[in-house]
Each structure stands twice: as C-alpha cells, then as structure tokens.
Amino acid sequence: MANGKIKADTLEHSTAGSLDTSYVVNGSAKAWLNLNGTGTIATRDSFNISSVTDTNTGKYAPVLTSAMGNTNYSLAGYNNKHSGESFYAGGGSGLGINAFVTTTASTYDLLSYSNAYVDSKYVYSQVFGDLA
Amino acid sequence: MTQTPEFQGTHLFDRLCWAKENLDGVQSDYRVVYEDSVDECAKILVPDPNWMACALQGGILPPVEVYHELAKDEAQPDFTKHTRGYLLHETQPIDAMTEEEAIEYLIKKDCPQAVWKTYNEGNRLKMVICKKEQLPKTREWRNAWKIDQDLIAA
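Residues numbered from 1 in each chain as written. Chains lettered and ligands numbered in written order. Predicted model: local features only at pLDDT ≥ 70, side-chain atom pairs only at ≥ 80, totals over all residues.

Visitor: For this particular structure, what's the right way to read the interface of chain A and chain B?
Guide: Accessible area lost upon the coming together of the parts is a frequently used measure of interface size. Every contact between the two is made by 31 residues of chain A and, on the other side, 35 residues of chain B. Looking at the side of chain A that touches chain B, the elements with two or more residues in it are β4 (42–47) and β5 (49–56) of chain A. Per-element tally for the side of chain A that touches chain B: the top contributor is β5(A), with eight residues. Split into classes, the residues belonging to the side of chain A that touches chain B amount to eleven nonpolar, 18 polar and two charged. (Contact = placed C-beta atoms within 7 Å. Helix = DSSP H or I, 4+ residues; strand = E, 2+ residues; numbered from the N terminus. Nonpolar A, V, L, I, M, F, W, Y, C, P; charged D, E, K, R; others polar.)

Below, the structure is given as structure tokens:
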C-alpha cells in the first residue's frame, strides 16, 4: 500500500512457532455483510460489497467490489428465520445460495420455519476464496 | 478531509482495507428499482454505505468499464478463472463522484446490462431511480411489486 508495505513469506513467534503468510492471505474472509432484510432493506455494515439488491421476499443479491478469481469460492452465512429480533434455539438458519453465482454476485434465499421465503431482520454472510 | 493515497497499482482489496479504516460509511437515500423479467417482481438495488464512501472520496474505485471487461471474460464458455484481474488494480482509479454520479456508476456495475442499456425502450420503463421514501412502507405483496408506469408518465 502507498502508506507502507512489509513483504514476508513467514511470520515467526519467539516461542509458538511460525506461520506462512499465505495462510493469512488465503484464509481471510474476502467480504462480509450484516444486512437488515426487512422494510427498506439496509446494510448495517460490510466489507467489499458495492450493493445489495432486494429481489423478492427473502431473496437478496449482494455484489462484490473486488471480484473473486473464479466462481469456486465459498459463501457462508446465517439468518434469523423471521423479521423479529430473536435468535433463540433453532431460530436461525443457514443461507440458501442460489445456483447462479458469478465472480462478483450471488443470491441468498432465506426460508422460514414453514419453508416459505421470509424477510429476515438479521442476515450475516462471509465470502472466502481467491481474489481476482 | 482525509487524503487518498496514490493507489494506482495497489490491489483493489487493499484499497478497500484503507477505506474501511479511514472513511465513514455513507447511507444513500437513493434506490434503483428495475425489472429484468416480465415474469418477476421489481428488484431494488441498495447502494452499500462503505462503497458509497469510496465513490465520494475518489481515487479508490476502478473505472466501471473494467468490470465490463471482466464480465466479457466471464461470459466466455471456456472461462475457468480471471486472467485479467490486474485491470482492477492497475487501471487509474477514478476521481471523486457526486452521489448521483455514483448511482449511475453503480447501475452500470451491478444492474444487468440488458436493463440499463435499454431502460426506456419498449412498452414499459424498466428502471427508475428514486428516494427510499418513495418505496412502499411495508413489504406486503412484495412478490407483486412493479414499477408504476402511470406514476412515471405523470
């Protein structure tokens, strides 16, 4: 970066051993999103996201700013299964990821207890993989 | 105002790291409503606050044409991975935009090209930019939302 750069292939601790910096580069999340999917949907906070499109009830499509290198990246996420506040036991679910994925875009499908699409108040997601 | 470092040649991801650390998010009131299929309800694009901060700051984001080039590569049947990702990082970043210019950029980046290139052709207007206050207050019948053509004509 313009304000300083350290180049190193290995980080070494005085007693705890060493670690290749490639672990850090490859293993870090490349994007994350905390979304309120109710009302006029709004991003609470995020990283490497340019927009989120509200495509239907319980369906949201975030787009990345810095594209992934290929479409074989990994998406993880979680949401409460309703528009309310709680996350009580069994009250959350993993994101359903729509099959149509590009290096910058994907669609999340959120389902309720009754397997109907539902707008969730809390939608969390992370992207792991290789950047372009 | 925080000065943007000289970022040409810096990986876009690193620029976003700098922006996250140095810029406050900007929640835009603008929304882009578009229809990309007659069989589906209207979609609503919401700008990301951290991205909007980068757009207003300037010197961080690549020209939108870079994304179009990558999209062309990705549309090839034999695409496996990007080989021209350097375009994101080595192209001269664009200057600061107004909020309205940023929305225009975002439309060209994140909306389907079939929508924004022909949004006012045909029988129906396919895309409108509005303020969030102009959207329905509740999400009732969300799967039936369409752009109100009469309202636009008025």
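There's more to say after this.
Visitor: I keep staring at unusual backbone geometry and nothing clicks. Help me out?
Guide: Glycine aside, a negative phi is what most residues show, and trans is what most peptide bonds show. Notably, N48(A) is not glycine yet its phi reads approximately 60 degrees, a positive angle. On the basis of neighbour counts, which here come to 27 C-beta atoms within 10 Å, the residue N48(A) falls in the buried class. Positive phi values are uncommon outside glycine, yet W141(B) reaches one of about 55 degrees. Residue position: W141(B) is located in the loop between β3 (127–131) and α7 (149–153). On the basis of neighbour counts, which here come to 10 C-beta atoms within 10 Å, the residue W141(B) falls in the exposed class. (Buried ≥ 20, exposed ≤ 12 C-beta atoms within 10 Å, placed from the backbone.)

Visitor: Mind showing me how you'd approach the sheet that holds strand β1 (residues 30–34) of chain B here?
Guide: Across a sheet, paired strands are connected by hydrogen bonds in the backbone, their directions being either parallel or antiparallel. Read from one edge of the open sheet, seven strands run β9(A)-β10(A)-β6(A)-β5(A)-β2(B)-β1(B)-β3(B), paired in antiparallel fashion. Bordering the open sheet on either side are β9 (96–97) of chain A together with β3 of chain B, each of which pairs with just one other strand. Bridging between β5(A) and strand β6 (residues 59–64) of chain A involves six bridges; their strand directions are antiparallel. Looking at β6(A), one finds that S51(A) is bridged to V63(A). (Pairing = 2+ DSSP bridges.)

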